[in-house]
Amino acid sequence: KPCMEVIKDLFKYLKGVQHPLRGLFARYYFVKVMKERFEEREDEIPFEDIASFYLENLKEMNNLWIRLNLLLEDKDKRKEQRTDLAITVGENLLRLSALEGMTVEVFKESVLERVIEIILENEDRISQEYLFDILISTFPDEYPLETLDALLLATEKLSRKVNLASIYIKLMERLTTFAKNNPNATSSLRHVYDSFRTTLSRILGKDKYKLSAQLNLLAAFMDFTVHFFSDNRDLIDEILKMAMELIGRYDEMALSERGVSAAIVQIITHPMKKLSLLIL
């Protein structure tokens, strides 16, 4: 039998392990074993089949990982266990990113959309935050840059419990790394600024997010902008204006919400840390 046909049969048998914890470890072990088989027979097995295997396994493992919530009543222990086991799920994306034949074009055309579908299938906060983090950090620096608009559009569909600020900060950090390693790519970053601004404009003012969370997003955006566009104070003014307009939509009770003042202070002081007297 062809190698991939045997692998597909074995993969079907894994569905027989329905216990979330045992199922996770069985599939994690299977991924480890298959890595060696794929490397031995890379000329025999099409790239598309291998990628499809990892994506399907990612979907199944993510579902099992979320079902771990049913095993423990203690919320803290449950969160700790899921955090400890996150790496087993992320292994699929790690292997996918290392495949021979994985390019930015392939990622854009067939992989990214499928991964985002898997992330959005369940509104589990821990799952969505972790998988998005792995998606951003596992693939090479230029991948987030080339697919930024699609990534940002997907963030708007995440559960309201997800910490968007941490995701955007992670994205900005990856783009920062790319810019530092590619000094001639500064022109691309202006596009990055515009993409983030457009996304934030759609998010700000929505009831889905607390005011403090929205202001934290602006604070992160300000920090990124000051770092890369310190010679363009119009952009800094633009973010300050967005913050003022946002604050103007809320009453005094909302403004007294925990964390609001601290976020406002960050928005104001980030430019001062970088530009000091120029801002004054």
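Residues numbered from 1 in each chain as written. Predicted model: local features only at pLDDT ≥ 70, side-chain atom pairs only at ≥ 80, totals over all residues. Heavy atoms only, no water.

Asks: Would you mind going over the packing of aromatic side chains with me for this structure?
Replies: In this description, an aromatic ring pair is defined by two values, namely the gap between the centres and the angle between the planes. Tallied over the entire structure, the rule returns 14 aromatic pairs. On the numbers, 5.5 Å between centres and 65 degrees between planes, the contact of Trp-65 with Tyr-130 is edge-to-face. In this pair, Trp-65 sits in helix α3 (residues 47–67) while Tyr-130 sits in helix α6 (residues 125–138), placing the two residues 65 residues apart along the sequence. Every member of this aromatic cluster is reached through a ring pair, and the members are Tyr-168, Tyr-193, Phe-196, Phe-221, Phe-224 and Phe-229. A cation sits over an aromatic face here: Arg-27 above Phe-11, 5.1 Å from the ring centre. Note that Arg-82 overlies the ring of Trp-65, its terminal NZ or CZ placed 4.5 Å from the centroid. (Phe/Tyr/Trp six-rings, centres within 6.5 Å; stacked < 30°, edge-to-face > 60°. Helix = DSSP H or I, 4+ residues; strand = E, 2+ residues; numbered from the N terminus. Lys NZ or Arg CZ within 6 Å of the ring centre and 35° of its normal.)

Asks: Got a minute to help me understand a nonpolar patch on the surface in this structure?
Replies: A contiguous nonpolar surface patch, about 570 Å² in accessible area, is contributed by Leu-240, Ile-268, Met-272, Leu-277, Ile-279 and Leu-280. Position of Leu-240 among the secondary structure elements: in helix α12 (residues 233–248). Residue classification places Leu-240 among the partly exposed residues on the basis of a relative accessible area of 31%. (Patch = residues over 30% accessible without salt bridge, like charges linked within 9 Å, V, L, I, M, F, W, Y side chains within 5 Å. Areas by Shrake-Rupley, 256 points an atom, 1.4 Å probe, with all protein chains shown as cover. Salt bridge = Lys/Arg side-chain N within 4 Å of Asp/Glu carboxyl O. Buried < 20%, exposed > 50% of the residue type's maximum accessible area, 1.4 Å probe, protein only.)

Asks: What exactly am I supposed to notice about the side chain of Glu-156 here?
Replies: Of note, Glu-156 is situated in the loop between α8 (148–155) and α9 (164–181). A distance of 2.6 Å separates a polar atom in the side chain of Glu-156 from a polar atom in the side chain of Arg-202. Contacts of Glu-156, omitting those with residues within four sequence positions, involve Thr-199, Arg-202, Ile-203, Lys-208 and Tyr-209. (Polar contact = N/O pair within 3.5 Å; in protein donor to acceptor, adjacent residues only side chain to side chain. Contact = heavy atoms within 4.5 Å.)

Asks: Sorry, what's going on with the pattern of salt bridges here?
Replies: A side chain of one charge can pair with a side chain of the opposite charge if their charged atoms are brought near each other. Within the structure shown, the criterion is met by 19 salt bridges. Arg-37 is paired through a salt bridge with Glu-40; the nearest N and O atoms lie 2.8 Å apart. One end of the pair, Arg-37, and the other, Glu-40, are both in helix α2 (residues 20–40), three residues apart, so they sit about a helical turn from each other. In this structure Glu-40 comes out as exposed when scored by relative accessible area, which is 54%. In this structure, the salt-bridge partner of Arg-197 is Asp-194, at a minimum N-O distance of 3.7 Å. Of this pair, Arg-197 and Asp-194 both sit in helix α10 (residues 186–203), three residues apart, which is roughly one turn of that helix. Judged by its relative accessible area of 24%, Arg-197 falls in the partly exposed class.

Asks: Any chance you could explain the packing of helix α5 (residues 104–121) against α6 here in plain terms?
Replies: Two packed helices can be described by the angle between their axes and the distance between those axes. At a minimum axis separation of 9 Å, α5 and α6 run at an interaxial angle of 165 degrees. As judged from the angle between their axes, α5 and α6 are roughly antiparallel. Crossing geometry of α5 relative to α6 is assigned as right-handed. Contacts between α5 and α6 involve Phe-107, Leu-112, Val-115, Ile-116, Ile-119 and Leu-120 on the former and, on the latter, Gln-128, Leu-131, Phe-132 and Leu-135. Taken together, the residues of the contact of α5 with α6 break down into nine nonpolar, one polar and no charged. (Axes fitted to C-alpha atoms, helices over the stretch in contact; angles between N-to-C directions. Parallel < 35°, antiparallel > 145°, perpendicular 65-115°, else oblique. Left-handed = near helix turned anticlockwise from the far one by under 90°. Nonpolar A, V, L, I, M, F, W, Y, C, P; charged D, E, K, R; others polar.)

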